[in-house]
Amino acid sequence: MTTRAPAQTSGHDTWTGNLRERLLRAMPPDQLLPDEQPDYVASWIYVFGVATLAALVFIIGSGLLLTLQGPQWYHASSVGHFVNSLHLWSVELFFVFMVVHLWGKYWMAAWRGGRTMTWVTGVVCFLASIGAAFTGYLVQTNFDSQWISSQAKDGLNAVGIGAWFNVTNLGQMLLFHVALLPLVLGFIVVWHVVLIRRHGVVPPIDATADDAVMDELTPQERTS
């Protein structure tokens, strides 16, 4: 009795194969992980995007420690004070870098060349960061956070949205700060970086034609 070999299914006939091919067409590996960049990327204005991401890494790391140890640790422990301060100053630097990055890209008209979604995701990321920072002030569990929450409650009630965002509810604000908003912010940041890798960094407005041509070439074409 003979046995039949199992039928082979082409990758084009499966949803995983189709998804893989679409991802490779949309985001080739040489775009996601480039080893060269145009010369104008050496300008200081392009540094602030990476600096924002670096500050975000410190925010996430210190925030995880604060979440795991709890208020008693970062209020009474010297190490907790240090990590709490590290978290605060990382947030301060994060916003400084992000604002400079945002304004720099605004004056460079960063939505040029099919980069509209790159610009939009950056703006949405900034707005989501404001919400994350605001809820962070509300969950300090000290008199400062009590004062901020009471004043914010009056402000939100005045504009008619206080029924949906109870800023005096510590549990609700804590979940917003450590769960919901970080997930939203993380998704937008990843999307923003992928779009930058796909479309490339925006060239300066006064970039020469040679610069624009070099920006469109692959690394192999630039060295040939």
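Since we're looking at a predicted model, the values are computed, not measured.

1. Comments concerning the overall build of the protein chain
- For the protein chain, the helix and strand inventory stands at 10 helices and 0 strands.
- Out of the 224 residues in the protein chain, the part that is buried amounts to 31%.
- Put simply, 70% of the contacts in the protein chain that link residues at least 6 apart link residues at least 24 apart.

2. Describing the packing of helix α6 (residues 116-138) against helix α8 (residues 170-199)
- Running from N to C, α6 and α8 point in directions that differ by 160 degrees, and their axes come no closer than 9 Å. Overall, the two elements α6 and α8 adopt an arrangement that is roughly antiparallel. α6 and α8 meet at a crossing whose hand is left-handed.
- Here the contact of α6 with α8 is built from residues that sort into 16 nonpolar, 10 polar and no charged.

3. Topic: unusual backbone geometry
- The phi dihedral of A109 is positive, around 55 degrees, even though this residue is not glycine.
- With respect to the helices and strands, A109 occurs in the loop between α5 (78-107) and α6.
- You can call A109 buried: its relative accessible area is 14%.
- If you check the backbone angles, T141 has positive phi at about 55 degrees while not being a glycine.
- Looking at where T141 falls in the secondary structure, it is placed in the loop between α6 and α7 (143-158).

4. Things to note about the environment of I196
- Mapping I196 onto the fold places it in helix α8.
- On the basis of relative accessibility, which here comes to 26%, the residue I196 falls in the partly exposed class.
- Each C-alpha atom of the pair I196 and W119 lies 9.6 Å from the other, and the pair is 77 residues apart in sequence.
- Every residue in contact with I196, bar those within four places of it in the chain, is listed here: T118 and V201.

5. Thoughts on a nonpolar patch on the surface
- Taken together, the side chains of V99, W103, Y106, W107 and W111 make up a nonpolar region of the molecular surface, amounting to roughly 560 Å² of accessible area.
- Note on placement: W111 falls in the loop between α5 and α6.
- Judged by relative accessible area, W111 falls into the partly exposed class, the value being 35%.

6. A look at the packing of α5 against α6
- The interhelical angle for the contact between α5 and α6, taken along N-to-C directions, is 155 degrees, at an axis separation of 11 Å. With respect to α6, the element α5 is oriented roughly antiparallel. Regarding α5 and α6, the two cross each other, and that crossing is left-handed. Facing L88, E92, F94, F95, M98, V99, L102, K105 and Y106 of α5, the residues of α6 in contact are W119, V123, C125, F126, S129, I130, A133 and Y137.
- For the contact of α5 with α6, the class distribution of residues is 14 nonpolar, 1 polar and 2 charged.

7. Here's the deal with the nonpolar core
- Counting residues in hydrophobic clusters, the biggest one holds 23 residues, and the most contacted among them are Y46, F94, F95, C125 and L185.
- Looking at this core, the elements that each hand over two or more residues are α3 (47-69), α5, α6 and α8.
- Beyond its immediate stretch of four places on either side in the chain, F95 contacts F126, S129, I130 and A133.
- If you look at the next biggest cluster of nonpolar residues, it comprises 6 residues, including L138, V139, A152 and M173.

8. A few points about the packing of aromatic side chains
- Counting across every chain of the model gives 13 aromatic pairs.
- Seen in terms of ring centroids, W44 and F48 are 5.6 Å apart; in terms of plane orientation they differ by 85 degrees. Their pairing is edge-to-face.
- Residue W44 is classed as exposed on the basis of its relative accessible area, which comes to 57%.
- Under the relative-accessibility criterion, F48 is labelled buried at 19%.

9. With respect to the environment of F134
- Mapped onto the elements, F134 comes out in helix α6.
- With relative accessibility at 33%, the residue F134 sits in the partly exposed group.
- In sequence terms F134 and I148 are 14 residues apart; their C-alpha atoms lie 9.3 Å from each other.
- Apart from the residues within four sequence positions on either side, F134 is in contact with I148, A152 and V167.

Definitions and limits used
Residues numbered from 1 in each chain as written. Predicted model: local features only at pLDDT ≥ 70, side-chain atom pairs only at ≥ 80, totals over all residues. Heavy atoms only, no water. Helix = DSSP H or I, 4+ residues; strand = E, 2+ residues; numbered from the N terminus. Buried < 20%, exposed > 50% of the residue type's maximum accessible area, 1.4 Å probe, protein only. Contact = heavy atoms within 4.5 Å. Axes fitted to C-alpha atoms, helices over the stretch in contact; angles between N-to-C directions. Parallel < 35°, antiparallel > 145°, perpendicular 65-115°, else oblique. Left-handed = near helix turned anticlockwise from the far one by under 90°. Nonpolar A, V, L, I, M, F, W, Y, C, P; charged D, E, K, R; others polar. Patch = residues over 30% accessible without salt bridge, like charges linked within 9 Å, V, L, I, M, F, W, Y side chains within 5 Å. Areas by Shrake-Rupley, 256 points an atom, 1.4 Å probe, with all protein chains shown as cover. Salt bridge = Lys/Arg side-chain N within 4 Å of Asp/Glu carboxyl O. Core = buried A, V, L, I, M, F, W, Y, C linked by side-chain atoms within 4.5 Å. Phe/Tyr/Trp six-rings, centres within 6.5 Å; stacked < 30°, edge-to-face > 60°.

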